[in-house]
Amino acid sequence: MAIESGLPLPMGPPRACEKHAKALGFIEETTKNAGAVQERVLREILGRNAETEYLGRFGLRGATDRETFKSKVPVVTYEDIQPDIMRVANGDRSPIFSSHPISEFLTSSGTSAGERKLMPTIHEDLDRRTLLYSLLMPVMNLYVPGLDKGKGLYFLFVKAETKTPGGLLARPVLTSYYKSEHFKTRPFDPYNVYTSPNEAILCSDSFQSMYTQMLCGLIMREEVLRIGAVFASGLVRAIKFLQLNWKELAEDISSGKLSPRITDPSIKECMGNILKPNPQLAEVITNECEGENWEGIITRIWPNTKYLEVIVTGAMAQYIPTLDYFSGGLPLPCTMYASSESYFGLNLKPMSKPSDVSYTIMPNMAYFEFLPHDPTAAPPLSSRYSPPPKLVDLADVEVGKEYELIITTYSGLCRYRVGDILRVTAFHNAAPQFKFIRRKNVLLSIDSDKTDEAELQTAIDSASLLLKRFDTNIVEYTSYADTKTIPGHYVIYWELMAKNPAKSPSEEVLEQCCLAMEESFNSVYRQGRVADNSIGPLEIRVVENGTFEELMDYAISRGASINQYKVPRCVSFTPIMELLDSRVVSSHFSTVPPQWTPGRRH
């Protein structure tokens, strides 16, 4: 077991230093006693939920020990518990999952049978989320001191909630947090001052919210020390918003009058105290934005920015070149690991490269188990009636091995398969640190081939290398398995950004990109292409700039959350396909098959 040394002492003013020292001490104490903390968490969960219908089905009879829990309670997927979740959604208030009332549902970005998943939560879960948030800045301050001397420009959004038939709110986890008193009445903290007023964050009109947050960020440009969004895609969207709207924003700043497009009364009132005529600032913004060169635009407009705080792990890695282009290569710290089901942990080395990011699981957040994951094995059957597979406890995972994350939460999820595949990289004290590998989902399949998100990302990365000498980046992509052709083939949609349009890659180069992707896929795919002729040549369809913005707008119009929206890496929904195909500017195929040799497994 690899053990990391403890966290250093914080830097900063005395009161903040004392507060940060307490937070860092909590991290040390909790991670040193990871095994004992996990046992306590499980006892608490099983003890308080002993009389629930769900646990009652498995004959625990009030037992709170690990052995009984592991031998009797099955490992489940969302589909296994969906009938019970729908009972709660439809108004059943009996204690099905939790002895505490289900306060609302958190909507997952994942889906089941095309519908967004509903995750039950209880009111005290907000305390746990707030606790994890309170640990982020004490850690960050160890690496980037002086963050109390300025502000953060964070693009944060809410989504208008829906209600289930039984009257419970159903909304994304971040909307739940931003609308809570924990956020709205948070005490002043010099390390967590935002340029965006609450009124802008809480406005459900995404245009008015984004416009106001960008306007405030421009007004306070000299004070901004860090810029962020939840996902990297959100920050890229914000910069594109600036590209489209800078003239109007500059006019507001010059005149001191808010755009008539902003009609929200609370925003208009709060901006009356923020927006004052400033022609000099408007001129600075105009000078930076009026040309076609947007390289380094973030540091040109916000010169004191020290880092961009966004999630760039997993599928979000695609945005790294675009963010590097806009920021001149600022650090991209990923601070925490969380989902709708539970918050999991934090990054104790936040300034590490995105490819090196590991998250330390905080053992007080939930009870964690790990299903050993063999990428080459068939997936285990999941049923409430199947015997529980052999799971590994938090303190017993092994460095270098991959696992599927299984959680048991205070709100009543028991041995629930989150679907995330994690690799253990090290330990901090007795708590393991994990690299997020991928969601456990197959994206593309034509025949017996199965290509997942990580494999597709690797293939995209390989093709990207061929575009570098043309100063061209892949801004965004998605895919689908086209089975209308015989044989079927993979279709990859690309939106490209060329720094110099005169140097754009040629037809021949884009054909080479098709082949580079195919060479990156697994041997089953390549066998299908070369020997079985069961898979046709891969196709790249280049789409117009702005296409993926339209895709996002379409998803939001159908109820997706702007905070949680992630470009789907595989699409099959007909309206989306029609939108993409209507924006195609060129199409390219592999002209030669990839390499494949019988008996070669890699």
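Heads up: the structure comes first, above all this text.
Remember, predicted model here, so these are calculated numbers, not experimental data.

Participant: Go over the overall build of the protein chain with me, naming the residues and quoting the values.
Facilitator: Counting its secondary structure elements, the protein chain contains 20 helices and 22 strands. Taken over the C-alpha trace, the protein chain has a radius of gyration of 25 Å; the compact-globule value for 602 residues is 25 Å, and the two agree within 12%. Principal axes of the C-alpha set define a box for the protein chain whose edges measure 70 × 70 × 50 Å. Evaluated residue by residue, the protein chain yields a buried proportion of 55% over its 602 residues. Excluding contacts between residues fewer than 6 apart, the proportion of contacts in the protein chain whose partners are at least 24 apart in sequence is 71%. Side chains of the protein chain give 64 positive and 72 negative charges; the mean places of these two sets differ by 4 Å.

Participant: Requested: an account of the sheet that holds strand β19 (residues 472-482), with residues and values cited.
Facilitator: In space, the four strands of this open sheet follow the order β19-β20-β21-β22, with mixed pairing throughout. Of all the strands in the sheet, the pair left with one neighbour each is β19 and β22 (584-589). Direction aside, the axes of adjacent strands within the sheet are offset by 25 degrees on average. In this structure, strand β20 (residues 489-498) lies alongside strand β21 (residues 539-543), joined through five bridges in parallel fashion. Within β21, the position partnered with E495 by the bridge is V543.

Participant: Quick one: what's the story with the packing of helix α16 (residues 453-467) against helix α17 (residues 507-520), residue by residue and with numbers?
Facilitator: Where α16 contacts α17, the axes come no closer than 8 Å and their chain directions differ by 145 degrees. Crossing geometry of α16 relative to α17 is assigned as right-handed. Between α16 and α17, the residues in contact are L456, T458, A459, I460, S462, A463, L466 and L467 and V509, L510, Q512, C513, A516, M517 and S520, respectively. Class assignment for the residues of the contact of α16 with α17 results in 11 nonpolar, four polar and no charged.

Participant: Let's hear about the packing of aromatic side chains: which residues, and what values?
Facilitator: Under the counting rule described, the total for this entry stands at 23 aromatic pairs. On the numbers, 6.3 Å between centres and 65 degrees between planes, the contact of Y337 with F436 is edge-to-face. Of the two residues, Y337 is situated in strand β9 (residues 336-338) and F436 in strand β16 (residues 431-439); the sequence distance between them amounts to 99 residues. Judged on exposure class, the residue Y337 and its partner F436 are both buried. Between the NZ or CZ atom of R128 and the centre of the ring of Y410, over which it lies, the distance is 3.9 Å.

Participant: Run through the packing of helix α10 (residues 206-219) against helix α11 (residues 232-255), naming residues and quoting values.
Facilitator: Close contact between α10 and α11 brings their axes to 9 Å; oriented N to C, the two are set at 70 degrees. Overall, the two elements α10 and α11 adopt an arrangement that is roughly perpendicular. Between α10 and α11 the crossing geometry is right-handed. Where α10 approaches α11, its residues F207, M210, Y211, M214, L215, L218 and I219 are matched on the opposing element by R237, A238, F241, L242, N245, E248, L249, D252 and I253. For the contact of α10 with α11, the class distribution of residues is 12 nonpolar, one polar and three charged.

Conventions adopted
- Residues numbered from 1 in each chain as written.
- Predicted model: local features only at pLDDT ≥ 70, side-chain atom pairs only at ≥ 80, totals over all residues.
- Heavy atoms only, no water.
- Helix = DSSP H or I, 4+ residues; strand = E, 2+ residues; numbered from the N terminus.
- Rg over C-alpha atoms; globule rule 2.2 N^0.38 Å.
- Buried < 20%, exposed > 50% of the residue type's maximum accessible area, 1.4 Å probe, protein only.
- Contact = heavy atoms within 4.5 Å.
- Lys, Arg positive; Asp, Glu negative; His and termini not counted.
- Charge placed at Lys NZ, Arg CZ, Asp CG, Glu CD.
- Pairing = 2+ DSSP bridges.
- Axes fitted to C-alpha atoms, helices over the stretch in contact; angles between N-to-C directions.
- Left-handed = near helix turned anticlockwise from the far one by under 90°.
- Nonpolar A, V, L, I, M, F, W, Y, C, P; charged D, E, K, R; others polar.
- Phe/Tyr/Trp six-rings, centres within 6.5 Å; stacked < 30°, edge-to-face > 60°.
- Lys NZ or Arg CZ within 6 Å of the ring centre and 35° of its normal.
- Parallel < 35°, antiparallel > 145°, perpendicular 65-115°, else oblique.

Remember that the coordinates give geometry; whether it matters functionally is a separate question.
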